[in-house]
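So the chains spell out like this:
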Amino acid sequence: MLLDLDAIRNGKIHDYPYRWILFNNLIRESAKHELVSTPPLEDQFEYDGDDGYIHGFGRSLDEGTQRVFPLGSAWTQLIDELSSPGYRNAIAELTGLDLSNQILGMRFYRYNPGHGTYPHHDHPANTLVHMFYFCEKWDSRWGGCFRILKEENPDSGFLDIPPLFDISVAFVRSDNSWHMVPHIAPYVTQIRYALKASFYKPQE
């Protein structure tokens, strides 16, 4: 197993400014080298001009369809474990959410220098969002952190979470679950990679 499901079950939920969880070391250290050094290739991503970042689909379980790019064994195993009942049950047990009939979609993100997002709280169809990161090192002065906001104002930052491999963050989506990714400084040479796992309602 790459995922430490006990660490998920034993996570601590913070209630301010909304429900969020900061996890440490959810993915086994033995997989770090492969996951960090073999991300999806650039030509496997698509450019999303609306949000100013490049993205690629990991897996969408909607209506039983999936689109998975050729990946190394560790990446394939990670996606399979996130798709498993074990992960779904562990995150549901922690949050108290009923995720049994919800769809789990996954998407890779690639942020180049200059990319980021503005304040948003995710689509209302989402119930829970879990972000995994794949950078071995990151300086918060570069931008690119997951910034929890107290309100829609980008200056209302509550906490900046760096996109490091041993860190992941989950939040229960609500109308006040404001967050953003400050744009990465143009001089930064490192690419920011992330995997987003989202549970959402089938009818939406």
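Before reading further, recall that the structure is shown in the block above.
Residues numbered from 1 in each chain as written. Predicted model: local features only at pLDDT ≥ 70, side-chain atom pairs only at ≥ 80, totals over all residues. Heavy atoms only, no water.

What follows is about unusual backbone geometry. A cis amide bond, omega 0°, links Y16 with the succeeding residue P17. Mapping P17 onto the fold places it in the loop between β1 (13-14) and β2 (20-24). Unusually for a residue other than glycine, N25 sits at a positive phi of about 55°. Topologically, N25 is positioned in the loop between β2 and α2 (32-37). For N25, a relative accessible area of 46% gives the class partly exposed. Non-glycine residue D122 carries a positive phi angle of around 70°. Tracing the backbone shows D122 in the loop between β6 (117-120) and β7 (126-133). (Helix = DSSP H or I, 4+ residues; strand = E, 2+ residues; numbered from the N terminus. Buried < 20%, exposed > 50% of the residue type's maximum accessible area, 1.4 Å probe, protein only.)

Across 4 bridges, strand β8 (residues 146-149) lies against strand β9 (residues 157-161) in antiparallel orientation. Bridging across to β9, I148 finds its partner in L159. (Pairing = 2+ DSSP bridges.)

We now examine the packing of aromatic side chains. Applying the stated criterion across every chain yields a total of 10 aromatic pairs. Between Y18 and F171 the ring centres are 6.2 Å apart and the planes differ by 70°, which places this aromatic pair in the edge-to-face class. Here Y18 is found in the loop between β1 and β2, whereas its partner F171 is found in strand β10 (residues 167-172), with 153 residues between them in sequence. Each member of the pair Y18 and F171 is classed as buried. Ring pairing ties together the aromatic residues W75, F108, F134 and F165, which thus form one cluster. It is R192 that lies over the ring of Y111; its NZ or CZ is 4.6 Å from the centre. (Phe/Tyr/Trp six-rings, centres within 6.5 Å; stacked < 30°, edge-to-face > 60°. Lys NZ or Arg CZ within 6 Å of the ring centre and 35° of its normal.)

The next point concerns the nonpolar core. Of all hydrophobic cores here, the largest spans 38 residues; its most connected members are I27, L35, L78 and F134. Residues M131, C145, F146 and A185 belong to the second largest nonpolar core, which totals 23 residues. (Core = buried A, V, L, I, M, F, W, Y, C linked by side-chain atoms within 4.5 Å.)

Tallied over the entire structure, the rule returns 7 salt bridges. Note that R141 and D139 form a salt bridge whose closest N and O atoms lie 2.7 Å from each other. The partner of R173 in a salt bridge is D175, with the nearest N and O atoms 3.0 Å apart. Look at D175 and you get exposed, because its relative accessible area is 57%. (Salt bridge = Lys/Arg side-chain N within 4 Å of Asp/Glu carboxyl O.)

What follows deals with helix α3 (residues 73-82). Along α3, the residues that are buried comprise A74, W75, L78, I79, E81 and L82. The arc that holds the buried residues of α3, viewed along the axis, is 165°, so those residues lie on one side. (Arc of directions from axis to C-beta.)

Turning to the side chain of E81, a few remarks are in order. Turning to its location among the elements, E81 is positioned in helix α3. The side chain of E81 sits in the buried core without any salt bridge; R28 is the nearest counter-charge, 7.2 Å away. In terms of polar contacts, E81 uses its side chain to reach the backbone amide nitrogen of L2, at 2.9 Å. At 2.9 Å, the side chain of E81 and the side chain of Q77 are in polar contact. Those residues in contact with E81, other than ones at most four positions away along the chain, are M1, L2, L3 and Y87. (Lys, Arg positive; Asp, Glu negative; His and termini not counted. Polar contact = N/O pair within 3.5 Å; in protein donor to acceptor, adjacent residues only side chain to side chain. Contact = heavy atoms within 4.5 Å.)

This part is about helix α4 (residues 85-95). Of the positions making up α4, those classed as buried are Y87, R88, A90, I91, A92, L94 and T95. Of the residues trailing α4, G96 is marked for its positive phi of about 75°.

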